[in-house]
Every structure is written in C-alpha cells, then in structure tokens.
Amino acid sequence: MSDGAVLHVKGRVLVGPDEVRDEVWVVGGRICYDRPAGAREVTSVTGWALPGLVDAHCHVGLGTRGPVDADAAEKQALTDREAGTLLVRDAGSPSDTRWIDDREDLPRIIRAGRHIARTRRYIRDFAHEIEPDELVAYVAQEAMRGDGWVKLVGDWIDRDLGDLAACWPREAVAGAIAEAHRLGARVTAHCFATSSLRDLVEAGIDCIEHATGLTEDLIPLFAERGVAIVPTLVNIATFPQLAAGGESKYPRWSAHMRRLHERRYDTVRGAHDAGIPVYVGTDAGGSLAHGLVAAEVAELVAAGIPPVDALSATTWGARAWLGRPGLAEGAPADLVVYEADPRADVRVLAAPRRVVLRGRIVG
C-alpha cells in the first residue's frame, strides 16, 4: 500500500466485547468509521477484526544468556508481530531496544527497564543484582529509563533454604514503590511463591507476574487494592521440567514448584472470579519462544476464564490497562483480521489472516 492508499476492513470489527461494527476504514494510518471521500486506491480485507494483540509479559532483547544483539531482537519482535502481537509490555530486558521505536514495521514496546534482583538471587546476566539499601536508587534509575514501569524480582530460590523465598525486606520495597510512584512509574514483580506477596501488595505494588503463589486468603487483598496479575501459564507449564532438573540438589524447591503447577488453573480462576484484573503475558525471551500469545489466551480459557474475558485480557482490557488505544476513531490502525469469530473459539487467534500495523498490511 502506498502512503495515499486506503484500507477497507469489512465483515465484523470487534471494537469492544459488546460493540461490533460492519466495517472500518484506515486512512493515513488511522482508524476511520466513515467512508473517506475521493479514495482512489482502496485495498479490502474481509474477516473478523480485533485490536492488535497485547503480550503484557514479554522480553524483546533477552536470550538464554542475557542480552542479545539487534538482529536477534528484531527476529523476536517479528515473530511476535506475525502472531498478531502489536503491543508488548517488555517486562525487563538488559538490552537497549529504543531503536525499535523508529521501525514502522515492528510492534510498539512499553519498557520496564532492566530487572532489579537481589544479589545472586536471579538468572545470571539478566538483572541488576543489588542489596536492599540500593533498591530505591535502582528503582529510580529504571523508572527513568523505562516507559512507565519498573520490574522487581520479588522471590527466587534461596540456596541456603533450598526453596523459594522473598528477596526484599518490607521496608525496602515500600520505599522503592513509593519512589517509583513519585516518578510516575508503576511497579511489577516476578513472584512464584506466596512469601513475598502480602508485603508487596501492602506496599502498593501495581502488578504481580506469574502469581502462582496467590492463595485464598490473599485474593481479597489483591482485589481490594486492584493489583493485576499476568499469569504466564505457558511458562508455568515448564515447572515440572524445571522441578525434575533440580530434584537432586533442591528437593524442597522441586516439590514446591510441582505444587504451584498443579494448582495453577485454580489459582487463575479464583483470581478472575474475585475481580482481580488478569492479563495475557507469555514470558517470551530467555528460554521461552516468542509468538505464543494465542497459546496463552487458550490457557486462560482452559483455566476457566470465559472466552470473551480471555480475549479482553489481550485486546480491549489490556490496552486500556496500559494506556494505549484500541480501534477508536482516529487511533493508530493496529489490528488483526481472522477467518472466524474468536469469541466463539479463541483458537482462531493462532492463525491471523491479516496483520495491520500502523495502517499497513505487514502479515
């Protein structure tokens, strides 16, 4: 399509969970619901259209051994794009990916800076590894580098205990979260276990990643405070394999990981039923492949979340949570077109018919 071309998407346009239109026009890269006058070059696409999908826990620029080069990061971003992911919340990366912002053919990224972890309590070369008295300063630094988010590692294996344990004293996270909020940033934390959750939520955290340790007694606290979770169920599926690999050295940790895996669906369904906001994230990067957004939506449905709510967790609801528009009049035209109604079967998301980014058909 040339710069002056008009794109006509017709069929069913899912503007919201309850708002469906018959067509939308893309003019100058933006959404328009009125037929443009005098359009000479019109390209038509037919199907079921959704706002570009959101992966709210993704790591562009991160590989199994830490940062990757620009070529590898580009391939990661392109893989996500081909899956229909057009908005990424990068939940921690040691790479500088600002150059992606200048590429019209790559997804938009909302960055959380680099992970902030306790010394020797996370994956080597992924994070800043610091002590509690440095936490406020590092949170301030990453708040300035990110796009309105900061990422903490809330718990990890304590080798002396042989099990998952909280990484930070309560007073340290309280000061750090307050500083992030003062600077206009929200804070999220990696948490597998239960031990760190109450302190983080009562300290004012905005989101918890994975949240496998969420328990019935903590659910009301999350709901009252409006703390979102991003369950990353496609990542949690790897827990049995991880547990098997660490069994001989850390049997207590291995048993804990298996228990968290076994109750993962009950945990997510209980959170959703209590009104806790749940969003789609794959944890792509590191050891997990990119392009798994459709599989994560299907996992939410398998956990018992209604299909329309699972769709919202990667479209309308997720975009509103991150402060990005959907298919509103005048919004950037980032959308994905499918063969059939994804509300009837979310597995449709695995096969986009067309991907439209910034008003251009890119896939």
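In case you missed it, the structure is sitting above this.
Once a new chain begins, its residue numbering starts again from 1 and follows that chain's sequence as written. For a predicted model such as this one, the threshold for reporting local features is a pLDDT of at least 70, and the threshold for listing and counting side-chain atom pairs is 80 or more; totals across whole chains, interfaces and linings nevertheless cover every residue. Side-chain measures were taken over the full set of non-hydrogen atoms in the model, leaving aside hydrogen atoms and water.

Examining the overall build of the chain
Condition: Numbering of helices and strands starts at the N terminus; helices are DSSP runs of H or I of at least 4 residues and strands are runs of E of at least 2. The quantity called the radius of gyration is restricted to C-alpha atoms. Its globule counterpart is 2.2 Å times the number of residues to the power 0.38. Buried means the residue's accessible area, taken with a 1.4 Å probe over protein chains only, is under 20% of the maximum for its type, while exposed means over 50%, and partly exposed covers the values in between. Residues are treated as being in contact if the distance between any of their heavy atoms lies within 4.5 Å. Exposure was quantified through the Shrake-Rupley algorithm and a 1.4 Å probe, taking into account, for residues, occlusion by the shown protein chains and nothing else.
Assigned secondary structure in the chain consists of twelve helices and 20 strands. The C-alpha atoms of the chain give a radius of gyration of 21 Å, which matches the 21 Å a tight globule of 363 residues would have. Dimensions along the principal axes, computed over C-alpha positions, put the chain at roughly 70 × 40 × 35 Å. Expressed as a percentage of the 363 residues in the chain, the buried residues total 55%. In the chain, the share of contacts with a sequence separation of at least 24, taken over all contacts with a separation of at least 6, comes to 65%. Carbon and sulfur atoms form 48% of the exposed surface of the chain, whose accessible area is close to 14600 Å².

Here's the deal with the packing of aromatic side chains
Short version of the rule: To pair, rings of Phe, Tyr and Trp, with the six-membered ring standing in for Trp, must have centres within 6.5 Å; the planes then decide the type, stacked if under 30 degrees apart, edge-to-face if over 60, and tilted in the middle.
Evaluation of the coordinates by the stated rule reveals six aromatic pairs. A ring pair is formed by Y122 and W156, whose centres lie 4.8 Å apart and whose planes are at 75 degrees; its orientation type is edge-to-face. Linking Y122 in the loop between β10 (116-118) and β11 (128-130) with W156 in strand β13 (residues 155-158), this pair joins segments that are 34 residues apart in sequence. When its relative accessible area of 10% is taken as the criterion, Y122 is described as buried. Relative to W321, the ring of Y279 has its centre 4.2 Å away and its plane inclined at 10 degrees; by these criteria the two rings are stacked. In this pair, Y279 is assigned in the loop between α9 (264-273) and α10 (293-302) and W321 in helix α12 (residues 316-321), connecting sequence segments 42 residues apart. W321 carries the same exposure label as Y279, and that label is buried. One aromatic cluster is present, built from ring pairs that chain together Y122, F126, W156, F192 and F239.

Here's the deal with the layout of surface pockets
Put simply, the rule reads: A cavity here means a set of points on a 1 Å grid, drawn over the protein atoms and nothing else, where a 1.4 Å probe fits but cannot get out; a pocket is an open set with protein on both sides within 12 Å along at least five of seven lines, and a residue lines either one if it has an atom within 4 Å of a point. Grid points are joined across faces, edges and corners, and a volume is the space filled by probe spheres set on the points. All amino acids are sorted into three groups, where Ala, Val, Leu, Ile, Met, Phe, Trp, Tyr, Cys and Pro are nonpolar, Asp, Glu, Lys and Arg are charged, and the leftover types, Gly among them, are polar.
Estimates place the volume of the largest pocket at around 860 Å³. Along its surface, the largest pocket is lined by 33 residues, and Y122, I123, W156, F192 and L242 are the ones closest to its centre. Among the elements of the structure, β13, α7 (239-246) and α8 (251-262) are those that each provide at least two residues to the lining of the largest pocket. With three residues, α7 is the largest single contributor of residues to the lining of the largest pocket. Broken down by class, the residue content of the lining of the largest pocket amounts to 14 nonpolar, twelve polar and seven charged. By volume, the second largest pocket is sized at about 240 Å³. If you go around the second largest pocket, you meet 15 residues; those closest to its centre are S93, S95, D96, G113 and R114. When grouped by side-chain class, the residues that make up the lining of the second largest pocket number two nonpolar, six polar and seven charged.

What about unusual backbone geometry?
One non-glycine residue with positive phi stands out, namely R120, at about 60 degrees. For R120, the location among the structural elements is in the loop between β10 and β11. The class of R120 is exposed, set by a relative accessible area of 58%. For D283, which is not a glycine, the phi torsion comes out positive at approximately 65 degrees.

Some thoughts on the pairing of strand β16 (residues 207-210)
Keep this limit in mind: Only strands that DSSP links by at least two bridges are regarded as paired with each other. Looking down the strands as they point away from you, a crossover is right-handed if its path from the first strand over the helix to the second goes clockwise.
As paired elements, strand β15 (residues 186-191) and β16 share four bridges and run parallel to each other. Bridge pairing in β16 places H190 opposite E209. Handedness of the β15-helix α4 (residues 197-202)-β16 crossover: right-handed. Of the strand pairs in this sheet, β16 and strand β17 (residues 228-230) are connected by three bridges, and their pairing is parallel. From the neighbouring strand, I208 faces β17, where its bridge partner is I229. Taken together, β16, helix α5 (residues 219-225) and β17 constitute a β-α-β crossover, and its handedness is right-handed.

Some words on the pairing of β13
In terms of strand pairing, β13 meets strand β14 (residues 163-166) through four bridges, oriented antiparallel. What sits directly across from D155, in β14, is A166. Hairpin connection from β13 to β14: four residues lie between these consecutive antiparallel strands, with G162 at a positive phi of about 75 degrees.

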